[in-house]
Protein chains: 2
Amino acid sequence: MNIEKLLGETVLNSWKSVNQRVSALLAQLSDEQIHEEIAPGKNRALYIVGHLTAVSDRMFPLLGVGERRFPNLDPVYLEHPDRTEADPLAPADLKAAWEDVTTRLTDALEAFTPEEWLQKHTAVSDQDFAKDPGRNRMAVVLSRTNHISYHMGQLMLMQNSR
Amino acid sequence: MNIEKLLGETVLNSWKSVNQRVSALLAQLSDEQIHEEIAPGKNRALYIVGHLTAVSDRMFPLLGVGERRFPNLDPVYLEHPDRTEADPLAPADLKAAWEDVTTRLTDALEAFTPEEWLQKHTAVSDQDFAKDPGRNRMAVVLSRTNHISYHMGQLMLMQNSR
């Protein structure tokens, strides 16, 4: 495998492993547990899962790899704080939405060539991208991978003492 | 800039931005706040900062880029749970240790060529690395970047409602 391809592969592995951790946690969380707050007065696990699913769903147009499927999550889990809007999906359906989004996104990323990883994302203009080629698809994937890890650290507070 | 170099640069930017978020938060945390728990019964912020500093300090030998400076953090922040050992450093000294480690690590990563990013880390044998070239320095840096994000999500619970 050449250097460029291996660099892309290494980033993809990081994305996959973080997404798999979320999926593994969701598989363990009962419908009752997912409604609990991660800590007193903080977001419910359900809200965080809805938030992560919405953010990942928005990556399809952002990376130019397809259409979103769950735009109805945005008002509840991106635009309003927890417990101000009704949850649009039952826990089982939200978990299925997460799996659907993460699986299809990962399939799309698997197909990227090194050149495709470095193409601009759709939220940056041609002009701005010419000035800063760092605003590419890989930067989006790395940023979202960190965002998932950030909330995973919060979800894990429900499970153990740390 | 060629493709390989830009891929490495994009990963480095992600590392830098996550580390800068921690540094910015530490600059805001008073000595009193850093002793608070991130949520009732959970780790103190000080413990998490000690933990992150120890983990980053261990990256020097792991990546083969120098000697560690703060091995005395390990027993307290890696090997024992919070509040079982005395904190070895005052908050100001721990913050300075974090800055020292993150600055020197970032300098070392800045100097990596694409080939150097893909060299094996020191915790994998030549034999295992031959089987799986994904066990390289970039994989370590991505894993540690996610680890910092994970704990950053916990530290931020002190600051806001989410």
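Residues numbered from 1 in each chain as written. Chains lettered and ligands numbered in written order. Predicted model: local features only at pLDDT ≥ 70, side-chain atom pairs only at ≥ 80, totals over all residues. Heavy atoms only, no water.

## What to know about the overall build of chain A
So the rule is basically this: Secondary structure elements are taken from DSSP: a helix is a run of H or I of four residues or more, a strand is a run of E of two residues or more, and numbering for both begins at the N terminus. The cut-offs for exposure are 20% and 50% of the maximum accessible area for each residue type, with area from a 1.4 Å probe on protein chains only; residues under the lower value are buried, those over the upper are exposed, and the others partly exposed. Whether two residues touch is decided by their heavy atoms; if any such pair falls within 4.5 Å, the residues are in contact. Note on areas: Shrake-Rupley with a 1.4 Å probe; residue coverage comes only from the protein chains shown. Under this rule, positive means Lys or Arg and negative means Asp or Glu; His and the chain ends count for nothing. Lys charges are placed at NZ, Arg charges at CZ, Asp charges at CG and Glu charges at CD.
Looking only at helices and strands, chain A features 9 helices and 0 strands. For chain A, the sequential pattern of α-helices and β-strands runs α-α-α-α-α-α-α-α-α. For chain A, buried positions account for 50% of its 162 residues. Looking at chain A alone, contacts between residues at least 24 apart form 66% of all its contacts between residues at least 6 apart. Of the accessible surface of chain A, which amounts to about 7,100 Å², a share of 49% is contributed by carbon and sulfur atoms. Charge centroids of chain A, computed over 17 positive and 23 negative side chains, lie 4 Å from each other.

## Comments concerning the side chain of His 51 of chain B
Residue and element names in this part refer to chain B. The condition that has to hold: Polar contact is the term for a pair of N or O atoms within 3.5 Å; when the atoms are in protein, one must be able to donate a hydrogen and the other to accept it, and sequence-neighboring residues count only if both atoms are side-chain atoms.
Take His 51: it is sitting in helix α3 (residues 45–57). One polar contact links the side chain of His 51 to the main-chain carbonyl oxygen of Tyr 77, over a distance of 3.0 Å. Those residues within four positions of His 51 in sequence are excluded, and the remaining contacts are Tyr 77, Leu 78, His 147 and His 151.

## Some points on the interface of chain A and chain B
Inclusion rule: The term salt bridge refers to a pairing of a side-chain nitrogen on Lys or Arg with a carboxyl oxygen on Asp or Glu at a separation within 4 Å.
Facing 39 residues of chain A, the contacting portion of chain B comprises 39 residues. Linking chain A to chain B there are 0 salt bridges. Our count for the contact surface shared by chain A and chain B stands at 10 residue pairs in polar contact (both at pLDDT 80 or more). If you list the elements that add at least two residues to the side of chain A that touches chain B, you get α1 (3–28), α7 (114–117) and α9 (137–155) of chain A.

## Considering the confidence of the model for chain A
When pLDDT drops low, the exact placement of atoms in the prediction is not to be read closely. To keep things clear, this is the line we draw: pLDDT runs from 0 to 100 and stands for how confident the predictor is about each residue.
Averaged over all residues, the pLDDT of chain A equals 96, while 98% of them reach at least 70. ipTM for the predicted complex: 0.96, alongside a pTM of 0.97.

## Quick look at the relation of the copies chain A and chain B
To keep it simple, the criterion reads: Here the copies are matched by least squares. The fit uses the C-alpha atoms of residues with pLDDT of at least 70 in both.
Once chain A is rotated about the relating axis by 180 degrees and shifted along it by 0.0 Å, it coincides with chain B to within an RMSD of 0.0 Å. Taken together, the rotation angle and the small translation identify this as a two-fold axis. Residues of chain A ranked by C-alpha distance from the rotation axis are headed by Tyr 150 of chain A, positioned 2.1 Å from it.

## As for unusual backbone geometry
Residues and elements named next belong to chain A. Despite not being glycine, Arg 83 has its phi angle at roughly 70 degrees, a positive value. By the secondary structure assignment, Arg 83 is in the loop between α5 (74–77) and α6 (91–110). Given a relative accessible area of 43%, Arg 83 falls into the partly exposed group.

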